[in-house]
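Structure assessment
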Amino acid sequence: MFRWILFFVFVAVIEIYAFQAIKTVTKLRWLLWGYQIISFFIILYIAYSFTQFDRSVGQTRQTLFTLGLLLITYLPKIVIATIMLGEDIFRVIGGFIREFLGNSTDSFLPERRKFVSQAALGLAAIPFLSLLYGMTKGKYNFKVRKQTVYFPDLPDSFDGFTITQISDIHSGSFDDREEIEHAINLINEQQSDIILFTGDIVNTHAEEMNPWIDTFKKIENPPFGKYSVLGNHDYGEYVTWPTQKEKEDNFKAIKNLHSQIDFKLLLNENVKLEKNGQQVALVGVENWGHRFKKAGDLPKASEGLTAEDFKILMSHDPSHWEYEVKDDANNYHLTLSGHTHGLQFGIEIPGVIKWSPVQYQYKQWAGLYENLGRYIYVNRGFGFHAYPGRVGIWPEITVLELKKGEKIA
């Protein structure tokens, strides 16, 4: 109960400050009343939607929309409230100084300055417009990212070998078939030697993928096939199941989805890719996360392999690389992960800045990382989850080219 009281006090303070900013800028009564009415109904809708959340169902289109509405409404208002609170602090300090100096003719708290409110509203427009773009356009702003990775011990026959990686489909969140088909066409256009999918085919329930099976079956089969692993969302851990059997049946159905879209699901196992008599081992582990389910069994997945074998490891959560893989004596040359989504929010300007709040939780969160000649590539994700959009961290289709030799600086 105390937490709810704090929450409502927090919301009330934000609403009061936001209204004060608008009231300082305009005196139009119809605009002020309209703002208050819209704000009231938004609060009412958000509160109602949260009371309707069903732990046995999990994320739905309504919860996606509600979280998006919450963010697009209150992040800008928090910006406004922060600036207005700062102004109040200066107003109060100025009042005490005037009292101390004996300027009794001046009001203790002068009127709000219009330009401060205008500045607050202007700055608040940045997160508002960014989140709005992220929810309408950004979530389907697919980018093909190409990366060359060099290995001195790459088998000669695999020099120039190309991999298309996708990750974190989260099919239950999709709402635009045309955009998804466009992304599938982008995958096919890459003409890679192999296609790898690194987990989270759904949010929770296998049935989420049913409307999209025919779409994802359009991913063309490349010369070395299509392989996949499971992600943390594929285990049904985030909802309450009526029975254990229903959870197990859902998990079985999720695993079957991979074959329905013509992907070979690797469950703590490996396969050999052969070209001109030379081999590369593709190793696929189940999910292993520092803070999530640890079903991945690296020794089991690597049975029959030696440290000298060239290995590509598919492991959904990049924390697996940080905690187990990068220093493993079995020498995993390249690890492919996803999971973080780059938090679907951040700033990326190549060569200038690469930032997202998720970097404070994951050392490897987007792109290529290296440790003593071993690499991990973290895909930014194909779909979206929770917040129904993307701001600055766009959905990704990765194309990796393996090259023999040392990277030239």
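Residues numbered from 1 in each chain as written. Predicted model: local features only at pLDDT ≥ 70, side-chain atom pairs only at ≥ 80, totals over all residues. Heavy atoms only, no water.

Let's talk about the layout of surface pockets
Considered as a void within the structure, the largest pocket measures approximately 440 Å³ in volume. Taken together, 20 residues form the lining of the largest pocket, with T340, H341, L343, Q344 and H385 sitting closest to its centre. Classifying every residue of the lining of the largest pocket gives eleven nonpolar, eight polar and one charged. A volume near 380 Å³ is recorded for the second largest pocket. Breaking the lining of the second largest pocket down by element, the ones donating at least two residues are α1 (2-25), α2 (29-51) and α3 (61-101). (1 Å grid on protein atoms, 1.4 Å probe; cavity = no way out; pocket = protein on both sides within 12 Å on 5 of 7 lines; lining within 4 Å. Points joined across faces, edges and corners; volume = space filled by probe spheres on them. Nonpolar A, V, L, I, M, F, W, Y, C, P; charged D, E, K, R; others polar. Helix = DSSP H or I, 4+ residues; strand = E, 2+ residues; numbered from the N terminus.)

Focus: unusual backbone geometry
Phi at H339 is positive, roughly 75°, even though this residue is not glycine. With respect to the helices, strands and loops of the structure, H339 is situated in the loop between β9 (334-337) and β10 (347-349). Positive phi, normally seen in glycine, also occurs at H341, with a value near 60°. On the secondary structure map, H341 appears in the loop between β9 and β10. Classification of H341 by relative accessible area gives buried; the value is 7%. (Buried < 20%, exposed > 50% of the residue type's maximum accessible area, 1.4 Å probe, protein only.)

Observations concerning the pairing of strand β3 (residues 194-197)
Where burial is concerned, the two faces of β3 agree: the one with I194 and L196 and the one with I195 and F197 are both buried. Relative to β3, strand β2 (residues 161-166) runs parallel, the two sharing four bridges. Bridged to T164 within β3 is I195. Since β2 and β3 lie parallel, the crossover through helix α5 (residues 177-189) that links them has a hand, and here it is right-handed. Pairing geometry for β3 and strand β4 (residues 226-228), over three bridges, is parallel. (Pairing = 2+ DSSP bridges. Right-handed = clockwise from strand over helix to strand, strands pointing away.)

Section: the packing of α1 against helix α4 (residues 114-136)
One can describe the packing of α1 onto α4 by two numbers: an axis separation of 8 Å at closest approach and a directional angle of 120°. The orientation of α1 relative to α4 falls into the category oblique. The handedness of the crossing between α1 and α4 is left-handed. Each of A21, I22, T24 and V25 in α1 lies in contact with α4, whose residues at this interface are K114, S117, Q118 and L121. (Axes fitted to C-alpha atoms, helices over the stretch in contact; angles between N-to-C directions. Parallel < 35°, antiparallel > 145°, perpendicular 65-115°, else oblique. Left-handed = near helix turned anticlockwise from the far one by under 90°. Contact = heavy atoms within 4.5 Å.)

A few points about the sheet that holds strand β13 (residues 374-378)
Here six strands make up an open sheet; going across it, the order is β6-β7-β8-β9-β13-β12 and the pairing mixed. On the outer flanks of this sheet lie β6 (269-275) and β12 (367-371), each paired with one strand and no other. Direction aside, neighbouring strands of the sheet carry axes that sit 20° apart on average. Note that strand β8 (residues 311-314) and β9 share three bridges and pair parallel. By the bridge assignment for β9, I312 is matched with L334.

Focus on the environment of N203
Residue placement: N203 occurs in the loop between β3 and α6 (213-216). Take N203: its relative accessible area is 2%, and that puts it in the buried class.

A word on the pairing of strand β14 (residues 396-404)
Side chains on a regular strand alternate between the two faces of the sheet. As paired elements, strand β1 (residues 143-151) and β14 share nine bridges and run parallel to each other. Its bridge partner being in β14, T148 is matched across the sheet by E401. In this sheet, β14 lies alongside β2 in antiparallel orientation, the contact comprising five bridges. Within β14, the position partnered with T162 by the bridge is E401.

Description of the environment of L372
Counting through the fold element by element, L372 comes out in the loop between β12 and β13. It is 59 Å that separates the C-alpha atoms of L372 and K23, two residues lying 349 residues apart in sequence.

What to know about α1
Between the first and last C-alpha of α1 there are 35 Å, a value that for 24 residues agrees with the 34 Å anticipated at 1.5 Å per step. Looking only at α1, the buried set comprises V11, I14, E15, Y17, A18, F19, A21, I22 and T24. (Expected span 1.5 Å × (residues − 1).)

A short note on the nonpolar core
One finds F174, I180, I201, M209, F216 and F382 to be the most contacted residues of the largest nonpolar core, which totals 27 residues. Of all elements in the fold, only α5, β3, α6 and α7 (244-260) reach the threshold of two or more residues within this core. What I201 contacts, discounting residues up to four positions off in sequence, is I169, H170, S171, M209, D234, I254, L257, H258 and I261. Membership of the second largest hydrophobic core comes to 25 residues, among which are V271, L282, F310 and L334. (Core = buried A, V, L, I, M, F, W, Y, C linked by side-chain atoms within 4.5 Å.)

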